[in-house]
Amino acid sequence: MQPPVVIKKYGNRRLYDSSNSKYVNLEDIAGFIRQGREVQVIDAKTGQDLTRVTLTQIITEDAKEKPTGLPLELLRQLIVASDEVRQEFVMWYLKSAFDTYQKVQDAVQSRLGEVQSAILSPVDMMKQLIGLPGPSQPRINAEPELDALRKRVAELEARLEKPATRKQNSPQKRKRRV
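What counts and how
Residues numbered from 1 in each chain as written. Predicted model: local features only at pLDDT ≥ 70, side-chain atom pairs only at ≥ 80, totals over all residues. Heavy atoms only, no water. Helix = DSSP H or I, 4+ residues; strand = E, 2+ residues; numbered from the N terminus. Buried < 20%, exposed > 50% of the residue type's maximum accessible area, 1.4 Å probe, protein only. Areas by Shrake-Rupley, 256 points an atom, 1.4 Å probe, with all protein chains shown as cover. Pairing = 2+ DSSP bridges. Axes fitted to C-alpha atoms, helices over the stretch in contact; angles between N-to-C directions. Salt bridge = Lys/Arg side-chain N within 4 Å of Asp/Glu carboxyl O. Patch = residues over 30% accessible without salt bridge, like charges linked within 9 Å, V, L, I, M, F, W, Y side chains within 5 Å.

1. Some remarks on the overall build of the protein chain
Across its full length, the protein chain carries 6 helices and 4 strands. If you list the helices and strands of the protein chain from N to C, you get β-β-β-α-β-α-α-α-α-α. Within the protein chain, the proportion of its 178 residues that are buried is 12%. Carbon and sulfur atoms form 56% of the exposed surface of the protein chain, whose accessible area is close to 15,300 Å².

2. Re the sheet that holds strand E2 (residues 15-17)
Spatial ordering of the open sheet is given by E3-E2-E1-E4, a layout of 4 strands whose pairing is mixed. Because the sheet does not close on itself, it has two edges, and the strands there are strand E3 (22-24) and strand E4 (39-43). Here the average twist between neighbouring strands, direction ignored, is 35°. Pairing geometry for strand E1 (residues 5-9) and E2, over 3 bridges, is antiparallel. Along E2, the bridge assignment pairs lysine 8 with tyrosine 16.

3. What to know about the pattern of salt bridges
Across all of its chains, the model carries 3 salt bridges by this definition. In this structure, aspartate 99 and lysine 95 form a salt bridge, with 2.9 Å as the shortest nitrogen-oxygen distance. Here aspartate 99 and its partner lysine 95 are both found in helix H4 (residues 84-120), 4 residues apart, which amounts to about one turn of the helix. For aspartate 99, a relative accessible area of 35% puts it in the partly exposed group. Lysine 95 gets classed as exposed once you look at its relative accessible area, which sits at 52%.

4. Considering a nonpolar patch on the surface
A cluster of nonpolar residues, Phe89, Trp92 and Tyr93, forms a patch on the protein surface that exposes about 370 Å² of accessible area. Note on placement: tryptophan 92 falls in helix H4.

5. Let's talk about the pairing of E1
Going residue by residue along E1, you find Val5, Ile7 and Lys9 tucked away on one face and Val6 and Lys8 left uncovered on the opposite face. As defined by bridge partners, E1 adjoins E4 across 5 bridges and the pair is classed as parallel. Bridged to lysine 8 within E4 is isoleucine 42. Counted along the chain from E1 to the antiparallel partner E2, the turn is 5 residues long, and its residue arginine 13 has a positive phi close to 70°.

Following this line, the structure appears as structure tokens:
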């Protein structure tokens, strides 16, 4: 696991990534989090942990650009939730909602993977549609099936030979009549 990215926040509201020695903005911090990195924001002067406030600020800034943020009623309830019990319930609710969202995302990704594999192997897909075993399906009793196919091919070849024999004989019969 990578060490957390330590961001120092200065009095002039500037954010400094001490891990990479450069100034960053809220979008950069959001990018770190989306990449799965742990971020810690501290006040440069007091050493106070400002991570929660900064992440809330990122969510707020994101909500300004996109009107599809958290529902208005939920935001009102967050403000009202001043006592610990309500706050715990709201946190439990949010965690449950995000867990459910993650499960749905995982299910969608899984189905997309199945569709992608079907697209990548159209021959296997066709075999499944017509009932033939594919590479992942073992052939059961393939010999009787093969023998039946050979027999059918032999019958068809015999039928093809009979008309050819008749056609060869029919011109000779015509010559004899003349």
